[in-house]
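What follows is each chain in one-letter form.
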Amino acid sequence: MRANHHQFVAFAYVVREGSFSAAAVRLGVTQSAVTQHIAKLEKQVGSQLLVRGRDGISLTRTGQEFYGLADRMVALDSEISERLEGYEAMTLGHIKIIANAPLPALKAISRFRQAYPEVEIDFALYGWTAAINLLRERQADVGLITDPPHSDDWERVMVQKTNTRHTFCRRLRSPNVTF
């Protein structure tokens, strides 16, 4: 049996909060769940990690070694969650946009940049055939292509209509992203 993520998180929060009950409140679980996670982790490690006393908890030498790792894991977990939330909300991240016509692309990118200023945009112009191939090979997130071929893989959104039709083809799943 290998120690799991939840056991290390429970351990880190017990140390951070100073008690099993405070860790349980912080994690939104029962004290029993936290206690079980710590017991399983100590069993896996083969050594006691915490000394429980009237004044709270203290770390054993082995507990000190594992706490550094567990604390970094919790910090990394938080950073990953924040990054995912930021990407989902389009408040940060990056997007690769290709186009085969500069004018409609630059207008659309300008509107996107105003709506999502923290998203890094990698933009390049390609000929029609190269742009279509890059989209098919999934080497771009968005393609602003004049008269693209019909494909079930792409979502087609009209950007501009003149004598030639300009269509925005995207592979993004986020429905709130619009140009």
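Fair warning: this is a prediction, and the values are worked out from it, not measured in the lab.

Here the focus is the overall build of the protein chain. Assigned secondary structure in the protein chain consists of six helices and seven strands. Beginning at the N terminus, the succession of helices and strands in the protein chain can be written as α-α-α-β-β-α-β-α-β-α-β-β-β. Looking at the protein chain as a whole, 34% of its 179 residues are labelled buried. If you take every contact in the protein chain between residues at least 6 apart in sequence, the share linking residues at least 24 apart comes to 54%.

Considering all chains together, one arrives at three salt bridges under this definition. Its salt-bridge partner being Asp-71, residue Arg-16 comes within 2.7 Å of it at the nearest N-O pair. Within this pair, whereas Arg-16 is found in helix 1 (residues 5-17), its partner Asp-71 is found in helix 4 (residues 61-88), the two being separated by 55 residues in sequence. Across the pair Glu-17 and Arg-26 runs a salt bridge, and its minimum N-O distance is 3.4 Å. Assessed through its relative accessible area of 34%, Glu-17 is described here as partly exposed. Residue Arg-26 is classed as exposed on the basis of its relative accessible area of 53%.

Our focus in this paragraph is helix 3 (residues 31-45). Here helix 3 contains 15 residues, and its C-alpha end-to-end distance of 21 Å stays within 8% of the 21 Å for a straight helix at 1.5 Å per residue. Those residues of helix 3 that sit buried are Val-34, Ile-38, Leu-41 and Glu-42. Each buried residue of helix 3 lies within a common arc of 100 degrees when the element is viewed along its axis, so the set occupies one face. Contacts made by the buried residues of helix 3 are with helix 1, helix 2 (20-27) and strand 1 (50-53). At the exit of helix 3 stands Gly-46, carrying a positive phi of roughly 85 degrees.

Below, the discussion takes up the packing of aromatic side chains. When we look at a pair of aromatic rings, we describe it by the centre distance and by the angle of the planes. Counted by the stated rule, this structure contains three aromatic pairs. Cation over ring: Arg-16 sits above Tyr-13, and NZ or CZ is 5.2 Å from the ring centre.

A word on helix 1. At 3.6 residues per turn, the α-helix brings residues three or four places apart onto the same side. Compared with the 18 Å implied by 1.5 Å per residue over 13 residues, the 18 Å span of helix 1 between its first and last C-alpha is a close match. Residues of helix 1 that are buried include every one of Gln-7, Phe-8, Val-9, Ala-10, Phe-11, Ala-12, Tyr-13, Val-14 and Val-15, and no others. Following helix 1 by one or two positions, Gly-18 has its phi on the positive side, about 90 degrees.

Within strand 3 (residues 93-99), five of the seven residues are buried, which leaves it mostly tucked inside the rest of the structure. In this structure, strand 3 lies alongside strand 4 (residues 119-125), joined through seven bridges in parallel fashion. Across the sheet, the residue bridging to Ile-98 is Ala-124, located in strand 4. Looking at chain direction, strand 3 and strand 5 (residues 142-146) are connected through three bridges and run parallel. Considered in strand 5, the bridge of Ala-99 is made with Leu-144.

Right, let's talk about the nonpolar core for a bit. If you look at the biggest cluster of nonpolar residues, it comprises 19 residues, and the most contacted ones within it are Phe-11, Val-14, Phe-20, Val-34, Ile-38 and Leu-50. Going through the elements one at a time, helix 1, helix 2, helix 3 and helix 4 are the ones with two or more residues in this core. Considering every element that reaches this core, the biggest residue donor is helix 1, with eight residues. Apart from the residues lying within four places of it in its own chain, the contact partners of Leu-50 are Phe-11, Val-14, Val-15, Phe-20, Ile-38, Glu-42, Ile-57, Ser-58, Leu-59 and Thr-60. Grouped together as the second largest cluster of nonpolar side chains are 13 residues, Ile-95, Ala-99, Ile-109 and Val-119 included.

A separate point is the environment of Gly-56. By the secondary structure assignment, Gly-56 is in strand 2 (residues 56-59). We classify Gly-56 as partly exposed; its relative accessible area is 24%. In this structure, the C-alpha to C-alpha distance between Gly-56 and Phe-20, residues 36 residues apart in sequence, is 8.9 Å. Not counting the four nearest positions on each side in its chain, Gly-56 is found in contact with Gly-18 and Val-51.

Analysis parameters
Residues numbered from 1 in each chain as written. Predicted model: local features only at pLDDT ≥ 70, side-chain atom pairs only at ≥ 80, totals over all residues. Heavy atoms only, no water. Helix = DSSP H or I, 4+ residues; strand = E, 2+ residues; numbered from the N terminus. Buried < 20%, exposed > 50% of the residue type's maximum accessible area, 1.4 Å probe, protein only. Contact = heavy atoms within 4.5 Å. Salt bridge = Lys/Arg side-chain N within 4 Å of Asp/Glu carboxyl O. Expected span 1.5 Å × (residues − 1). Arc of directions from axis to C-beta. Phe/Tyr/Trp six-rings, centres within 6.5 Å; stacked < 30°, edge-to-face > 60°. Lys NZ or Arg CZ within 6 Å of the ring centre and 35° of its normal. Pairing = 2+ DSSP bridges. Core = buried A, V, L, I, M, F, W, Y, C linked by side-chain atoms within 4.5 Å.

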